[in-house]
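What follows is the residue order along each chain.
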Amino acid sequence: MSASISQRSLHRLPALDAMRVIGALAVIGHHVGFASGINTGIGPWAGWFARLDIGVAIFFVLSGFLLYRPYAHAQATANRRPGAGRYLWRRAMRILPAYWVTVVVVLLAMPRAEPESGADWVRHFTLTQIYAPNQLSDGLSQTWSLATEVAFYVLLPVLAFGLTRGRRRVSRPLLILAWSVAITGVWVTLMGLGLLSLGLHTTWLPAYALWFGAGMALASIHTALRNDYMPRWRFLDDLGRAPLACWAAALAILAIASTPIAGPRDLAEPTAGEFGLKMLLYAMFSVLLMLPIAFGPETRTKAAFSSGTARWLGTVSYGLFLWHPFVLQWIYVIGDIPDFTGDPLTIYVLTVAGGLLLATASYYVVERPFQRLSHRWPRPPRPRTTESQRPVAAASAAS
């Protein structure tokens, strides 16, 4: 296998940055819908706004894809797996500094009747606020998903080690998917039997194994196809050539999820069956949304999603996710808007605009400097020369 072919499975996919933007904008829509009372109303858009929490599924599927891809690439090209220390260091530098700044500002500057306790500060700083009931502070309620993601980050090197052992050139995507379905299925079953709490354990990692596993399975297939393995999965590239078909199917799935079949639209607890069906529908939606962006040839659709504006928005989308509840809360305070009222479109635009301002400051002042620091890991990995690379290396030395 030539070096040029082997790198196809690891080259950057800039169009995927747009998925982060879509996910962030969807989550904002969900929160604005709740704050303005649309989610719990009876209007034609109530169900759609209520299900915009589907943005979390987009984030989780995308994380599974992007973070497992280097491990799948290493297996396919017989290279060294990413070092756990380097990987965890970069993940920490990517998410923690901006998150900690947000926590400090929100806990100090949010309008509250009572100040937060020292335990609240510790829980939020350590991202353990999801492991006890009713511990999410105002302005930081969205960080439950970040705490769940961090649990996945920590566990991924162990999962990847088990999945990429041996001499197989590719991971088994069906096995990855089967295990993720089984983990989520067992978790949902335990909640249905009353052994786990629907109010607490729906935020823990096993509940979302299906979403992360779907992304990991896609990464395995994508890597295999780019290295000329597993041609039976070539139909995913064919689907990637048909974005309108994929997105129409995704929209139909979202329409189904917008009905009460996927659970209540307010903060009431769903049944275990409703929660499990929601996990499945959201996973299907996210995969269909992602296929035309990650698979298939270069198209005008990918070019649009790879534009400078889309990529910049993707760059600051993490800050937008972190800061938008803080902005939303202050819009209601400054405007003296009663709870569960207000014009949703105006509030949405103001929340996105204010969130982008703070997100931009967060990126250039906090995130980018620490990302640069993340590349200064003291022990850079030594490249491992494989049999397929030796002729290329010899030719380079001779030229």
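Here's a quick rundown of the structure. What you see is a predicted model; the values in this text were computed from it and never measured.

Some points on the side chain of Thr143
Mapped onto the elements, Thr143 comes out in helix H7 (residues 143-163). For Thr143, a relative accessible area of 0% gives the class buried. At a separation of 2.5 Å, a polar atom in the side chain of Thr143 contacts the main-chain carbonyl oxygen of Leu140. Excluding its chain neighbours within four sequence positions, the residues that come into contact with Thr143 are Tyr99, His124, Leu127, Gln129 and Leu136.

Re a nonpolar patch on the surface
Taken together, the side chains of Leu155, Val158 and Leu159 present a nonpolar region at the surface, about 240 Å² in accessible area. In this fold, Val158 is placed in helix H7. The exposure class of Val158 is exposed, given its relative accessible area of 57%.

Side note on the packing of helix H5 (residues 84-109) against helix H6 (residues 118-125)
At a minimum axis separation of 10 Å, H5 and H6 run at an interaxial angle of 155°. In terms of axis orientation, H5 runs roughly antiparallel to H6. Helix-helix and strand crossings are classified by hand; for H5 and H6 the assignment is right-handed. Contact residues: Tyr99, Trp100, Val103, Val104, Leu107 and Leu108 in H5; Trp121, His124 and Phe125 in H6.

Some details on unusual backbone geometry
Phi is positive for Asp336, close to 50°, though the residue is something other than glycine. In this fold, Asp336 is placed in the loop between helix H14 (308-334) and helix H15 (344-374).

Overview of helix H12 (residues 272-294)
The end-to-end C-alpha distance of H12, which contains 23 residues, comes to 32 Å, matching closely the 33 Å that a straight helix rising 1.5 Å per residue would cover. Burial runs high along H12: 17 of the 23 residues are buried.

Considerations on the environment of Trp187
In this structure, Trp187 sits in helix H8 (residues 173-192). Judged by relative accessible area, which is 14%, Trp187 ranks as buried. Here the alpha-carbon distance between Trp187 and Ala207, two residues 20 residues apart in the chain, equals 6.0 Å. Leave out the neighbours within four places in its chain, and Trp187 touches Leu196, His201, Trp204, Pro206 and Ala207.

Rules and cut-offs
- Residues numbered from 1 in each chain as written.
- Predicted model: local features only at pLDDT ≥ 70, side-chain atom pairs only at ≥ 80, totals over all residues.
- Heavy atoms only, no water.
- Helix = DSSP H or I, 4+ residues; strand = E, 2+ residues; numbered from the N terminus.
- Buried < 20%, exposed > 50% of the residue type's maximum accessible area, 1.4 Å probe, protein only.
- Polar contact = N/O pair within 3.5 Å; in protein donor to acceptor, adjacent residues only side chain to side chain.
- Contact = heavy atoms within 4.5 Å.
- Patch = residues over 30% accessible without salt bridge, like charges linked within 9 Å, V, L, I, M, F, W, Y side chains within 5 Å.
- Areas by Shrake-Rupley, 256 points an atom, 1.4 Å probe, with all protein chains shown as cover.
- Salt bridge = Lys/Arg side-chain N within 4 Å of Asp/Glu carboxyl O.
- Axes fitted to C-alpha atoms, helices over the stretch in contact; angles between N-to-C directions.
- Parallel < 35°, antiparallel > 145°, perpendicular 65-115°, else oblique.
- Left-handed = near helix turned anticlockwise from the far one by under 90°.
- Expected span 1.5 Å × (residues − 1).

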